[in-house]
Amino acid sequence: MAVPTTPAAPAPPSSDALLGLFPPGTTTAPDGGLRIGGCHVAELAARHGTPALLIDEGALRDRAGRYADGLAARRPDSMVAFASKAFPCTAVYRLLAEEGLGVDVAGGGELALALAAGTDPAKVIVHGNAKSESYLRAAVEAGVGLVVIDNFDDIDRLEHLMAEAHGPGRREQPVLVRVTPDVRPDTHEAVSTGQRGSKFGLLLPQAREAVARLRGSTRLRLDGLHVHIGSQILDTEPFVRAVAAVAGLGRFPVYDLGGGLGARYTYDDRPPTVEAYLDALTGAADELLPAGARVIVEPGRSMVAETGVSLYRVVTVKRSGGETFVAVDGGMGDNLEVSLYGQRFEATVATRVQAPADGPPGERCRVVGRHCESGDVLSTGVLLQDPRPGDLIAVPATGAYTYSLANNYNAARRPPVVFCRDGRSRPVVRRETYADLMRRDLP
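Residues numbered from 1 in each chain as written. Predicted model: local features only at pLDDT ≥ 70, side-chain atom pairs only at ≥ 80, totals over all residues. Heavy atoms only, no water.

**Q** Looking at this structure, how should I read the overall build of the protein chain?
**A** Helices and strands together make up the secondary structure of the protein chain, namely 14 helices and 20 strands. Taking the principal axes of its C-alpha atoms as reference, the protein chain extends roughly 75 × 60 × 50 Å. Out of the 443 residues in the protein chain, the part that is buried amounts to 54%. A separation of at least 24 residues holds for 72% of the contacts in the protein chain among residues at least 6 apart in sequence. (Helix = DSSP H or I, 4+ residues; strand = E, 2+ residues; numbered from the N terminus. Buried < 20%, exposed > 50% of the residue type's maximum accessible area, 1.4 Å probe, protein only. Contact = heavy atoms within 4.5 Å.)

Here it is in structure tokens:
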């Protein structure tokens, strides 16, 4: 079988274009190295090791503010809830709670982390298509603000738990009904959730039935509707269609319009800005929903993706079959998005970002991981400046889902999470040890 060769390189991107994929405020030092949150990558690698997930703390706080302030300016009675499955890290929960955001959780572990980080339970929204009784009990006992009803079994379990917890008392759990609007956005099938056939939510006829049942409940208080159509969506039009779909179910005091705005991973990606996204959602809400209704949005990927950078060390460089393979000390153990969704990432030699004025733009390379799997590829066709063993490689836009999906394939130790701000760095999650890998073993 012939080995495929790398296609001819297009015109190389400028260093400004490359920096545009990194957290806002990322710069290059005089020696050509990246500075993330004011911290030089070489110093970060020396202090924290590689691979490591670096988070620009200032950029994350700014992003949270753009969402919260932007939504409040457009719709005063509103709330931004971070879709925490994108980055369920205690330090991230704590930071966003400090910025006044709520949180949506999709399991008992995320609920426990959010509460441990100091999130106000009244600002917690509980999700899941298969909520266990123990998960719902923990939510009820914590006093969460909203539980999203995904199916009729949720209603049965919640009514039972409320009766068990409060006896003849009249305390009610506020709930929303998740509606499947039959809207399919242009995104990967695995992260499309609003179409007919999705495992999430209730189609319109079933949603009407759930609404009628909840209105007769003495234990559950129906506050409104929830809709979410997917992730990594690069067009605002599907969001508007989803609002129109739920508007036909009646008038409610609360409408949770979900999340799903895409992030910029590559030079070619052009997601709407936070402001354009909020304009589209609130414009549709102003036109189609009750004037006094509360609007909630749940950004996840678009909150954290572009604030994160993965830092690796080159282990080997191999030129074979017309390709240059640059193998690093991480891979699909710390970034599973490539293998799962075919997501493309860019990359650069972190200490030689700019091409020399009189030299070539770089060598077109395939950046691969250290795991025993042919699919362990981090990026293909990226231009790297004279890559060699020992170099640092930076991959931008890794703040979403890389931490969530990190794993121990080949008994790899999951990497640390390091916050960077104003030239200082601090680990908020330590690197796993070999002892950690054996901690759950029984004699």
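Moving on from the model shown.
**Q** Would you mind going over the packing of helix α9 (residues 237–247) against helix α10 (residues 274–288) with me for this structure?
**A** Helices that pack against each other are described as a pair by the angle of their axes relative to one another and the distance between those axes. Closest axis-to-axis distance for the α9/α10 pair is 9 Å, and the angle between their directions is 25°. By the criterion of interaxial angle, the relationship of α9 to α10 is roughly parallel. Handedness of the α9/α10 crossing: right-handed. Contacts between α9 and α10 involve Phe 239, Val 240, Val 243, Ala 244 and Ala 247 on the former and, on the latter, Tyr 277, Ala 280, Leu 281, Ala 284, Ala 285 and Leu 288. Each residue belonging to the contact of α9 with α10 can be placed in one class, and the counts come to 11 nonpolar, no polar and no charged. (Axes fitted to C-alpha atoms, helices over the stretch in contact; angles between N-to-C directions. Parallel < 35°, antiparallel > 145°, perpendicular 65-115°, else oblique. Left-handed = near helix turned anticlockwise from the far one by under 90°. Nonpolar A, V, L, I, M, F, W, Y, C, P; charged D, E, K, R; others polar.)

**Q** How do you make sense of the pattern of salt bridges when you look at a structure like this?
**A** Pairs can form between side chains of opposite charge once their charged atoms are near each other. Under the defined criterion, the tally for this structure stands at 25 salt bridges. Across the pair Arg 352 and Asp 391 runs a salt bridge whose closest N-O atoms are separated by 2.5 Å. Separated by 39 residues along the polypeptide, Arg 352 in the loop between β15 (348–349) and β16 (363–368) and Asp 391 in the loop between β17 (377–384) and β18 (392–396) bring together distant segments of the chain. What makes Arg 352 partly exposed here is its relative accessible area of 22%. In this structure, Asp 436 and Arg 439 form a salt bridge, with 2.4 Å as the shortest nitrogen-oxygen distance. Judged by relative accessible area, which is 55%, Arg 439 ranks as exposed. (Salt bridge = Lys/Arg side-chain N within 4 Å of Asp/Glu carboxyl O.)

**Q** Quick question: what am I supposed to make of the sheet that holds strand β10 (residues 220–227) here?
**A** Pairing between the strands of a sheet comes from backbone hydrogen bonds, and it takes one of two forms, parallel or antiparallel. The strand order β5-β6-β7-β8-β9-β10-β11-β12 describes a closed barrel built from eight strands, whose pairing is parallel. Averaged over all pairs of adjacent strands, the angle between strand axes in this sheet comes to 30°, irrespective of strand direction. Along the sheet, helix α3 (residues 57–74) contacts β5 (78–83) and β12 (294–297); its crossing angle with β5, the most-contacted strand, is approximately 150°. Against the sheet, helix α5 (residues 108–116) touches β6 (102–105) and β7 (124–126), its axis set at about 160° to β6. (Pairing = 2+ DSSP bridges.)

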